[in-house]
Amino acid sequence: MNAADFPLMLDWLNKAHVKEWWDDGEDTLEKVARHYGEDDKEAARFILLEIETGVEKPIGYFQYYQASAGVVGIDQFIGEESR
């Protein structure tokens, strides 16, 4: 995930089916950039891609992080309602 993905992430975070489970209040592009920025070393973040007929289409989000000693946490959502 990089800065070019932030507008897409903002769009997904504002969708009702994502916000139901992933709601950190009102999201803005600046808030997304701050929280998911490239300088954040606490989590590894990825845009999930579907590859259909050789074309990559972003469909969701995945992250993993060290939750505590010996424990890894994961979070994910499908951003595209059609998926």
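Just above, that's the structure.
A quick note: this is a predicted structure, and the numbers were derived from the prediction, not measured. (Residues numbered from 1 in each chain as written. Predicted model: local features only at pLDDT ≥ 70, side-chain atom pairs only at ≥ 80, totals over all residues. Heavy atoms only, no water.)

Draft legend 1. Quick look at the sheet that holds strand β3 (residues 71-78). Spatial strand order, β1-β2-β3: three strands in an open sheet with antiparallel pairing. Both edges of this open sheet fall to β1 (43-52) and β3, since each of them pairs with a single strand only. When strand polarity is set aside, the average angle formed by the axes of neighbouring strands in this sheet is 25°. Across eight bridges, the pairing between strand β2 (residues 55-68) and β3 is antiparallel. Note on β3: the bridge partner recorded for G60 is I78. (Pairing = 2+ DSSP bridges. Helix = DSSP H or I, 4+ residues; strand = E, 2+ residues; numbered from the N terminus. Axes fitted to C-alpha atoms, helices over the stretch in contact; angles between N-to-C directions.)

Draft legend 2. Geometry of the environment of H35. Summarising the element assignment, H35 is placed in helix α3 (residues 29-36). H35 gets classed as partly exposed once you look at its relative accessible area, which sits at 39%. Distance from H35 to I59, taken between C-alpha atoms, is 20 Å for residues 24 residues apart in sequence. (Buried < 20%, exposed > 50% of the residue type's maximum accessible area, 1.4 Å probe, protein only.)

Draft legend 3. Summary view of the nonpolar core. Formed by F6, M9, L10, W12, L13, V18, W22, V32, Y36, I47, Y61 and F77, the largest nonpolar core amounts to 12 residues. Put simply, the parts of the chain that give this core at least two residues each are α1 (6-13) and α3. Considering every element that reaches this core, the biggest residue donor is α1, with five residues. Not counting residues within four places of it along the chain, the set of residues in contact with V18 comprises W12, L13, F77, I78 and G79. (Core = buried A, V, L, I, M, F, W, Y, C linked by side-chain atoms within 4.5 Å. Contact = heavy atoms within 4.5 Å.)

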